[in-house]
Amino acid sequence: MDFKKEAIKVLKKALPKQKDYFIEIPKDSKLGDVSSTIAFVLAKKKKKNPADIASEIVKKLKIEGTCFSGVTSAGPYINFYFDRDAISNKIINELLKNKLIKKEKPKRVLVEFFHPNTHKGVHIGHTRNAVIGEAISRILEEAGINVIRATYGGDIGPHVAKCLWGYMNLGLKPEGDKGEWLGAVYALASKKINNEFLKKQVEKINKRLYERDVSLMPIWERTREWSINHIKKVLKLLNIKMNAFLWESHVEKDGLKIARQLLKKGVLKESDGAIIADLTKHNLGILVVVSKEGLPLYPAKDLGLVKLEFNKFKVTKIIHVVGVEQQFYFKQLFKIFELAGWKEWAKNSIHVAYELVDLKSGKMSSRTGEVVLFTDLYEKMLDLAKIEMQKRNPEVSIKTREKIAHKITISAIKYGMLSQSLSKKILFDYRDWLSFEGDTGLYIQYSYVRARKILQKIKSPMRQKIIIERPVEYELIKKMNEFQSVFKEAYEKLDPSVIAHYAYRLAFLFNKFYEECPVIGSEYEGSRLKIIKAYLNVMGKVLHLLGLKPMKRI
RNA sequence: GGGCCCGUGGCGUAGUCUGGAUAGCGCGACUGGCUUCUAACCAGUAGGUCGGGGGUUCGAAUCCCUCCGGGCCCGCCA
C-alpha cells in the first residue's frame, strides 16, 4: 500500500496542474500519516502566507470515498489522516497474502564474494565480505533472479610461496585446524624473510609454482587442501552455500594468454619488459598486467576469470563484492574490457565496494599476524552465549543449548557485519562484539521468537477485523507496510544494510507492542493475533534476506 | 600531483542520494518495571556548535563552494 500515491490522488483533484505535490511521511503520526508541503511552493508564487494557502487547499480537498478519514492544515503543512482501523485491515490483509515482493523476469547473475586466499587465515574482514555477499545474493533471489554464488581466491603467487618456504624451512609441526595453522606459518615466514637472500628463495618458489614444478606439487596440493577445508568449514558455520570455488591457479594460464592477445591487438603494451595497460588517456593511470618475469599479475588472472565466469556460468551480470580499496583497480579493469571490445562484459560487471574491518590498533595484516580470525571471534562469542543460556535456561539440555548458542552467535556476527553502512569502516572491538544486548542480531531474533511463542499458545480463530487500541499497534503496522519500499531500495542499491536498519526498527516496534499489548486472553486477541501473523511473515522475510535462520526459541 | 570515502552527545551509529514540522537509536551512567504471552526486554533522566566557514533556499545534518581532521587507492602484492 503506497500512502503517497493515495494522497496525490486527492490533491490532484483539487490542484490538477501541479507537477509535484511535495509529499512526505511525517516522522510523528500525530502530524498525519501523509503530508504535503506544497503550500510553501504556491505561497512563493502567489506571494501569500503559506499557512493561508494550506488552509485554502484543505477546504478544496474531498476525501469522501478515499481511504483518508481526515485532512487538516497545521500551519503550512497539509496533513492527511487515515481511518486507522480500516487502513490497518487493508495492510494486514496484504501482508498475510505473503506476496511481498514482485518478481522480476528470471536472469542469471553471478555474485562473487568472500575471496579468502589459501595459505592465510580467514579473518573477520573476510567475514564482513562473506556476510554482505550472501545477503546480496538473497536479495537478488528474492527479486526472482537466479544467483550463482562464487568465491575467487588466491591459491598461487607470492603469499603462497612465502608460506611454503616457512613450511619447508621452519620445522614447524601442524596442529589443530591445519588450514588455520598455515595462516600462522605464513605470518611467521613473513617475519623471518627479511633479507635479499631469503627473498630470492621465495621468488624462486613462486616461479616454480607457476611452472608447476613436479617436486613442489605434492606439497602445494596438500597444503592448499588444508586451507580449502578450513575455508569450507567457515562457510558451513556461516550457513553459506557456494556454487563455485574459483582459484587463481584455474585462470592464470588463460589470463596470461588473453593478456598476450591483447598485447598483439594493441590494447595492452610493453613497458620495461612488462605488459601494461596505459589508461592515462582515460584518467585511470597505468596498470601492470604481466610482470617483467612474465608472470601473470592480478589483472591478468582477472582477464581469465571474467571469461570463465561469463562463458561457463552463462550469466548476464557479475557482481564483485570487494573492498573499497580496490575501487580504482576495478575501474581500470572494466575499462580494459571496454577497450578489448567486450562491451557487454564491461557494462555488466559491477563492483560493490564496502569499507574494511580495522582493529583499534590499525589495519589487519595477515602478514604480521595482526588479525582477528573468524574462528577466534566465533568461539569467544559462542562461549559467552553458552554461559548466558546456562544462566537463563538451565532446564534446557546441553545439546539444545549449544545449538541455540550457535544460532545466537552467528546471528550476532552477521547482523553486526550488516548493520553498518557499506561506506563505513568497522572498528572492531571485542567488548562491543561480546554483548548480546541492544542493537544486535539477537534483538531481532528475540522479537521473532516472542511473536512465535504467542502464536503457539493461541487456539482461538483469527478475528476478521483489526482494531487499533494502542498507538504502537498502528506504528507497527505502518512499519510493516514499509517493507516493500525498503526491499526495493536495498535491491536497487545492492545494499543489505538498508534491510538491517529496517529490521531493527521493526523489532523495536514489535518489542514495544509486546510490552504494551497483552494478546492471550485480551479482548483484542483476534486482532492482535493477526498482527503477529503478519509480523512473522515480514520479519521472517527480513531475517532470511539478512542470511539469518529464524529461531524457534532462545 | 590525481581520485574515492569518513567526520552527528563520552564511545558507536541512523538519517545525507530524494531539503520540510522538536536530529532518531545502541553502548556506557542514573531511575523505575518480572506471582502477568521468556526482563538478552520495556519505560524514563542526564548528555548534541550534526568538523569549521561561506553560499543557495520560505526552510539545510541533507544541495553547492571552501577550509580543517582522519582513512584508502594510483607500475611489477591481491
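This one's a predicted model, so the numbers in the text were calculated from it and none came from an experiment.

**Some remarks on the packing of aromatic side chains**
Following the criterion strictly, the structure yields 25 aromatic pairs and no others. Ring geometry for Phe310 against Trp345: centres 5.2 Å apart, planes inclined by 5 degrees, an arrangement best described as stacked. Highlighted residues: Phe310 in helix α11 (residues 298–313) and Trp345 in helix α13 (residues 343–347), separated in sequence by 35 residues. Neither residue differs from the other here; Phe310 and Trp345 are each classed as buried. A ring pair is formed by Phe337 and Trp342, whose centres lie 5.8 Å apart and whose planes are at 45 degrees; its orientation type is tilted. Across the pair, Trp342 and Phe337 agree in class, each one buried. Against the face of Phe508 rests Arg505, its NZ or CZ located 4.7 Å from the ring centre.

**Some words on the sheet that holds strand β6 (residues 146–153)**
If you walk across this open sheet you meet the 5 strands as β7-β6-β5-β11-β12, and the pairing is parallel. Both edges of this open sheet fall to β7 (244–247) and β12 (349–354), since each of them pairs with a single strand only. Neighbour-to-neighbour, the strand axes of this sheet turn through a mean angle of 25 degrees, independent of strand direction. Bridge analysis of strand β5 (residues 108–112) against β6 gives 5 bridges, and the strand direction is parallel. Bridging across to β6, Leu110 finds its partner in Ile148. Packing against the sheet, helix α5 (residues 124–142) makes contact with β5, β6, β11 (317–323) and β12, and its axis sits at approximately 160 degrees to β6. Sitting on the sheet, helix α12 (residues 327–339) touches β11 and β12, and the angle it makes with β12 is about 180 degrees.

**Comments concerning a positive patch on the surface**
A cluster of like positive charges, contributed by Lys241, Lys399, Lys403, Lys407, Lys549 and Lys552, occupies part of the molecular surface. Relative to the helices and strands, Lys241 is located in the loop between α9 (217–237) and β7. On the basis of relative accessible area, Lys241 is assigned to the exposed category, the value being 63%.

**Focus on the protein's contact with RNA strand B**
Inspection of the region around RNA strand B gives 63 residues, with Lys44, Glu248, Arg392, Gln420 and Tyr443 positioned closest. Sugar and phosphate atoms form 60% of the subset of RNA strand B atoms that lie within 4 Å of the protein. In this structure, a sugar or linking oxygen belonging to RNA strand B sits 3.0 Å away from a side-chain N or O atom of Lys457. Within the side chain of Asn511, one N or O atom sits 3.5 Å away from a sugar or linking oxygen of RNA strand B. Across the surface near RNA strand B, the residue classes break down as 25 nonpolar, 13 polar and 25 charged.

**Considerations on the nonpolar core**
Core analysis: the largest hydrophobic core is formed by 133 residues, its most contacted members being Phe80, Leu140 and Met480. Contact partners of Met480, with chain neighbours within four places excluded, come to Ile92, Leu95, Tyr502, Leu506, Ile531, Ala534, Tyr535 and Val538. Ranked by size, the runner-up nonpolar core spans 39 residues in total, among them Ile258, Ala259, Phe313 and Val322.

**Here we look at the pattern of salt bridges**
Applying the stated rule across the entire model yields 31 salt bridges. Linking Glu104 and Lys107 is a salt bridge whose minimum nitrogen-to-oxygen distance equals 3.8 Å. With relative accessibility at 33%, the residue Glu104 sits in the partly exposed group. A salt bridge links Asp429 to Arg431; its shortest N-O distance comes to 3.3 Å. Using a relative accessible area of 10% as the deciding quantity, one classes Asp429 as buried. Connected through salt bridges with shared partners, the residues Glu134, Arg138, Glu141 and Arg149 form a single ionic network.

**Remarks on empty space enclosed by the protein**
Scanning the entire structure with this criterion turns up 1 cavity of 30 Å³ or more. Surrounding the largest cavity, Met1, Glu94, Leu95, Met480, Asn481, Phe483 and Gln484 form its lining. Looking at the lining of the largest cavity residue by residue, the classes come out as 4 nonpolar, 2 polar and 1 charged.

**Overview of helix α6 (residues 158–169)**
The first and last C-alpha atoms of α6 sit 16 Å apart over 12 residues, in line with the 16 Å expected at 1.5 Å per residue. Turning to α6, its buried residues number three or more, namely His159, Val160, Ala161, Cys163, Leu164, Trp165, Gly166 and Tyr167. Its buried side turned inward, α6 meets α7 (178–192), α8 (196–210) and α9. A positive phi of about 65 degrees marks Gly171, the residue just after α6.

**Some details on the sheet that holds strand β10 (residues 286–290)**
Judged by pairing direction, the sheet is antiparallel, and its 3 strands sit side by side in the order β8-β9-β10 without closing on themselves. Of all the strands in the sheet, just β8 (269–271) and β10 have a single pairing partner and so form its edges. Taken pair by pair, the neighbouring strands of this sheet meet at an average axis angle of 45 degrees, ignoring direction. Where β8 lies against strand β9 (residues 274–278), 3 bridges are found, and the strand directions are antiparallel.

Cut-offs used in this document
- Residues numbered from 1 in each chain as written.
- Chains lettered and ligands numbered in written order.
- Predicted model: local features only at pLDDT ≥ 70, side-chain atom pairs only at ≥ 80, totals over all residues.
- Heavy atoms only, no water.
- Phe/Tyr/Trp six-rings, centres within 6.5 Å; stacked < 30°, edge-to-face > 60°.
- Helix = DSSP H or I, 4+ residues; strand = E, 2+ residues; numbered from the N terminus.
- Buried < 20%, exposed > 50% of the residue type's maximum accessible area, 1.4 Å probe, protein only.
- Lys NZ or Arg CZ within 6 Å of the ring centre and 35° of its normal.
- Pairing = 2+ DSSP bridges.
- Axes fitted to C-alpha atoms, helices over the stretch in contact; angles between N-to-C directions.
- Contact = heavy atoms within 4.5 Å.
- Patch = residues over 30% accessible without salt bridge, like charges linked within 9 Å, V, L, I, M, F, W, Y side chains within 5 Å.
- Areas by Shrake-Rupley, 256 points an atom, 1.4 Å probe, with all protein chains shown as cover.
- Salt bridge = Lys/Arg side-chain N within 4 Å of Asp/Glu carboxyl O.
- Lys, Arg positive; Asp, Glu negative; His and termini not counted.
- Charge placed at Lys NZ, Arg CZ, Asp CG, Glu CD.
- Near = heavy atom within 4 Å.
- Polar contact = N/O pair within 3.5 Å; in protein donor to acceptor, adjacent residues only side chain to side chain.
- Nonpolar A, V, L, I, M, F, W, Y, C, P; charged D, E, K, R; others polar.
- Core = buried A, V, L, I, M, F, W, Y, C linked by side-chain atoms within 4.5 Å.
- 1 Å grid on protein atoms, 1.4 Å probe; cavity = no way out; pocket = protein on both sides within 12 Å on 5 of 7 lines; lining within 4 Å.
- Points joined across faces, edges and corners; volume = space filled by probe spheres on them.
- Expected span 1.5 Å × (residues − 1).

Fair warning: the whole summary comes from geometry, so function is off the table for now.
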